Amino acid sequence: MGKNLDALLKEERIFKPDEELVSNSNIKQWMDMHGIKNYDELLEKSAANPEWFWDEMARDLVWFEDYNEVLEWKAPHASWFLDGKFNIAYNALDRHIKSGRKNKLAYIWESEKGEVRKFTYFELYREVNRLANALKKMGIKKGDRVSIYLPMIPELPIAMLACARIGAVHSVVFSGFWAKAFQERAKDAQSKVAITADGFYRRGKLLKLKDTLDEVMEHIPSLEKVVVVKNTHCDLDMKKGRDVYWEEVIQNESMECSCEEMDSEDPLFILYTSGTTGKPKGVLHTHGGYAVGASTTLKFVFDIKDQDIWWCAADIGWITGHSYIVYAPLILGATSVMFEGTPDYPDPGRFWEIIEKYGVSIFYTAPTTIRLFMKYGEKWPQKYNMNTLRILGSVGEPINPEAWMWYHQHIGNRKCPIMDTWWQTETGMHLITPLPITPLKPGSAVKPFPTIKAEIKDDEGNTLTKGGGHLVIKNPWPAMFRTLFGEPERYVESYWSKFPDTYLSGDVARLDQDGYYWIQGREDDVLNVAGHRISTAEVESALVSHPSVVESAVVGKPDLLKGEEISAFVVLGEEYQADPQLKNELRDHVRKEIGPIASPSYIGFVDDLPKTRSGKIMRRVIKAKVKSEDVGDTSTLANPESVDALDRAI
Ligand code: ATP
Ligand code: MG
């Protein structure tokens, strides 16, 4: 992959974990139970015997019938907990109903408008059962697909769990996607039933969800029924025989519904990846392994305890919400906050107000949100008492070290460790992540989770200990996806064919002298300047470390001489003015931080960068603009206006 700049990103700040947090942590207690003295020994022991580790973890869950074998690995196909009979919904609900957690809160839900709904485990269980019975009546059987197109309302997890309970496979489509995206996904999944809502409010504006579906329903031949939640009570056309109201179908249903005994390897859901890089892929996850992987990582990485209030501020339409708002916290019997609105509506204090109001103790969000708050300034979090916080988390993109520092200082009051978790829709669970016992470096996702064998490879397959390369995983893990729905060849080709029996993540990373991982971005985004591979994350982080810059995107522009030239687009903090002198200052700044080779040839000021609906910077679109090419499919873009703004900046 060419030469690498080892000098890039000289982060030297180290944050040691708090001793009390360490000694009380779930991971430390587990280590003590097994006579494991420290982090290195934990990694060694688990890597030496992954099946022992995961067997231990699986024993915390309820199996209708025990498994005979932990793992069968015929690369690239893994089966976990073979012949075990299991249901994830039983583990998320029933077993708590039979325990002291029956009347514990599972969800505290708050809408954009500030309405609050609370569900105990028992209440949630009953709602799930009623819908499960209604779905059965509609003819939904084990293995059938149900597409769910709901905003962040409690009916969303209820619908997912109802499907899981009866063995149906859910496919959630993010409610912020256009109807076309829904059509494409529901058609691909051949869903029989769609579950949606009349509409929802976004920044005070009514968005009619069911109406938009009406435009595409005819084009999904498999679709028989559409279940509609009365969320806003707006007017709609209901098509006779096809459309039914949720409230009506569950009305006379029993609050008991037997739980389907699934095979550990039976499919649980399909989730289409966000499409940052092309045609969405139907990532398929299963009941057993996924349940074990997702719950174990939440328990050890975020240290969830019974008294915690957990808030994962993602949308359930993404894998982060599937794993860490729905399944893992429920399996662990935790109390979660679920929030329907946007971070800065009605004002930029909204998130911090929620943390204060419910006493949130563990908070998980994305770098894009943190950078948004940096732009508004620390005056907003300062208004609220957030002393209940004990651990913070980040996911979705590399977190720029300066954003990490801001998060640490202004949200975590310098006392909360930040779990920068690297993982993907495909991985189902955190794969590279800190633990509460590990020292942290701002911008690094630290090391692989116990049992995970990560490596960095050059194009020829050599393992690198220095410089950047392909981030790969050498062994299977329980929550790994099993295939791409309907595209088994693409599963093999896209992920398992570059290097033998090795999972290709599609990201580029590098290791430092302490064995810490630094995710440098997507393979397609990495720059090649005069034979040097430069990561977008590093140049962007250097720009963000300048006081005037809150966010930036860096892309390459083909150059005859250098291979690629660096073009940077930056968003300035509210109190800064865009002027030519600042451009020079920023170039000098990058030169000082990284080196002359990384200094952008071009800098443009913009108000906003093109982002996916999950908040990730879409460099593909920026790159196309810089090269004056067609921008391609932009249906997953959250802010199409930003593309025109790029034109003006260029
Ligand atoms: P698509 O695969 O369709 O392009 P996507 O990759 O954005 O979509 P996800 O599976 O939600 O969909 O995101 C996974 C990707 O997000 C990772 O491959 C990585 O690029 C990035 N990512 C996630 N967490 C981190 C992290 N902590 N640090 C750096 N990058 C991260
Ligand atoms: Mg991806």
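- For the protein, an unreviewed UniProt entry supplies the name Acetate--CoA ligase and the organism Methanobacterium alkalithermotolerans.
- Recorded under Sequence similarities (unreviewed entry), the UniProt text for the protein is reproduced unchanged: "Belongs to the ATP-dependent AMP-binding enzyme family."

## Re the pairing of strand β6 (residues 116-120)
Consideration 1: When strand β5 (residues 105-110) meets β6, the two strands line up antiparallel, connected through 5 bridges. Counted as the bridge partner of Tyr 107 is Phe 119 from β6.
Consideration 2: Between β5 and the antiparallel strand that follows it, β6, lie 5 residues; Gly 114 among them carries a positive phi value of about 100°.

## A short note on the UniProt feature "domain: Acetyl-coenzyme A synthetase N-terminal" (unreviewed entry) in the protein
Consideration 1: Feature annotation in UniProt places "domain: Acetyl-coenzyme A synthetase N-terminal" (unreviewed entry) on residues 39-92, given in this structure's numbering.
Consideration 2: Secondary structure within residues 39-92 divides into 44% helix and 26% strand; the distance between the first and last C-alpha atoms comes to 30 Å.

## A short note on the sheet that holds strand β28 (residues 517-522)
Consideration 1: Pairing is antiparallel across the open sheet formed by 4 strands, whose spatial order is β24-β25-β27-β28. At either end of the open sheet lies a strand with only one pairing partner, and these are β24 (454-457) and β28. Across the sheet, the mean angle from the axis of one strand to that of its neighbour is 45°, orientation sign disregarded.
Consideration 2: In terms of strand pairing, β24 meets strand β25 (residues 468-473) through 4 bridges, oriented antiparallel. Bridge assignment links Glu 455 to a residue of β25, and that residue is Val 472.

## Section: the sheet that holds β6
Consideration 1: The 7 strands lie next to each other as β6-β5-β18-β17-β19-β20-β21, forming an open sheet whose pairing is mixed. The two strands at the open ends of the sheet, each matched to only one other strand, are β6 and β21 (418-420). Sheet twist, expressed as the mean angle between neighbouring strand axes with direction ignored, is 20°.

## Observations concerning the environment of Ile 519
Consideration 1: Mapped onto the fold, Ile 519 is located in strand β28.
Consideration 2: Along the backbone, Ile 519 and Ile 399 are 120 residues apart, and their C-alpha atoms lie at a distance of 9.2 Å.

## Points about the packing of helix α18 (residues 536-544) against helix α19 (residues 580-593)
Consideration 1: Contact pair α18 / α19: the axes reach a minimum separation of 9 Å and the direction vectors enclose 120°. Accordingly, the angle class assigned to the pair α18 and α19 is oblique. Crossing geometry of α18 relative to α19 is assigned as right-handed. Of α19, the residues touching α18 (which contributes Val 539, Ala 542 and Leu 543) are Leu 586, His 589, Val 590 and Glu 593.
Consideration 2: Along the lines of polarity and charge, the residues of the contact of α18 with α19 split into 5 nonpolar, 1 polar and 1 charged.

## A look at the UniProt feature "domain: AMP-binding enzyme C-terminal" (unreviewed entry) in the protein
Consideration 1: When the UniProt feature table is mapped onto this chain, "domain: AMP-binding enzyme C-terminal" (unreviewed entry) is found at residues 538-616.
Consideration 2: The span residues 538-616 shows a helical share of 27% and a strand share of 32%, and its end C-alpha atoms are spaced 16 Å apart.

## Observations regarding the pattern of salt bridges
Consideration 1: For the coordinates displayed, the defined rule picks out 45 salt bridges.
Consideration 2: In this structure, Asp 32 and Lys 28 form a salt bridge, with 2.9 Å as the shortest nitrogen-oxygen distance. Here the residue Asp 32 and the residue Lys 28 both occupy positions in helix α2 (residues 26-33), the gap between them amounting to 4 residues, near one helical turn.
Consideration 3: Asp 32 sits in the partly exposed class, given a relative accessible area of 45%.
Consideration 4: The partner of Lys 357 in a salt bridge is Glu 110, with the nearest N and O atoms 3.0 Å apart. Here Glu 110 lies in strand β5 and Lys 357 lies in helix α13 (residues 350-358), a separation of 247 residues in the sequence.

## Digging into α2
Consideration 1: Listed in full, the buried residues belonging to α2 are Asn 26, Ile 27, Trp 30 and Met 31. The arc enclosing the buried residues of α2, seen along the axis, measures out at 135°, which places them on a common side.
Consideration 2: Its buried side turned inward, α2 meets α1 (19-24), α3 (39-48), α4 (50-58) and α11 (288-301).
Consideration 3: Positive phi shows up at Gly 35, right after α2, with a value of about 65°.

## Observations concerning the packing of helix α5 (residues 88-97) against helix α6 (residues 121-137)
Consideration 1: Contact geometry for α5 and α6: axes closest at 9 Å, N-to-C directions at 125°. By the criterion of interaxial angle, the relationship of α5 to α6 is oblique. Considering only the axes of α5 and α6, their crossing is left-handed. Residue-level inspection shows Ala 92, Leu 93, Asp 94, His 96 and Ile 97 of α5 in contact with α6, the latter providing Tyr 121, Phe 122, Leu 124, Tyr 125 and Val 128.
Consideration 2: Looking at side-chain class alone, the contact of α5 with α6 contains 8 nonpolar, 1 polar and 1 charged residues.

So, how was this worked out
- Residues numbered from 1 in each chain as written.
- Chains lettered and ligands numbered in written order.
- Predicted model: local features only at pLDDT ≥ 70, side-chain atom pairs only at ≥ 80, totals over all residues.
- Heavy atoms only, no water.
- UniProt positions renumbered as here; feature names shortened; annotations may be inferred.
- Pairing = 2+ DSSP bridges.
- Helix = DSSP H or I, 4+ residues; strand = E, 2+ residues; numbered from the N terminus.
- Axes fitted to C-alpha atoms, helices over the stretch in contact; angles between N-to-C directions.
- Parallel < 35°, antiparallel > 145°, perpendicular 65-115°, else oblique.
- Left-handed = near helix turned anticlockwise from the far one by under 90°.
- Contact = heavy atoms within 4.5 Å.
- Nonpolar A, V, L, I, M, F, W, Y, C, P; charged D, E, K, R; others polar.
- Salt bridge = Lys/Arg side-chain N within 4 Å of Asp/Glu carboxyl O.
- Buried < 20%, exposed > 50% of the residue type's maximum accessible area, 1.4 Å probe, protein only.
- Arc of directions from axis to C-beta.

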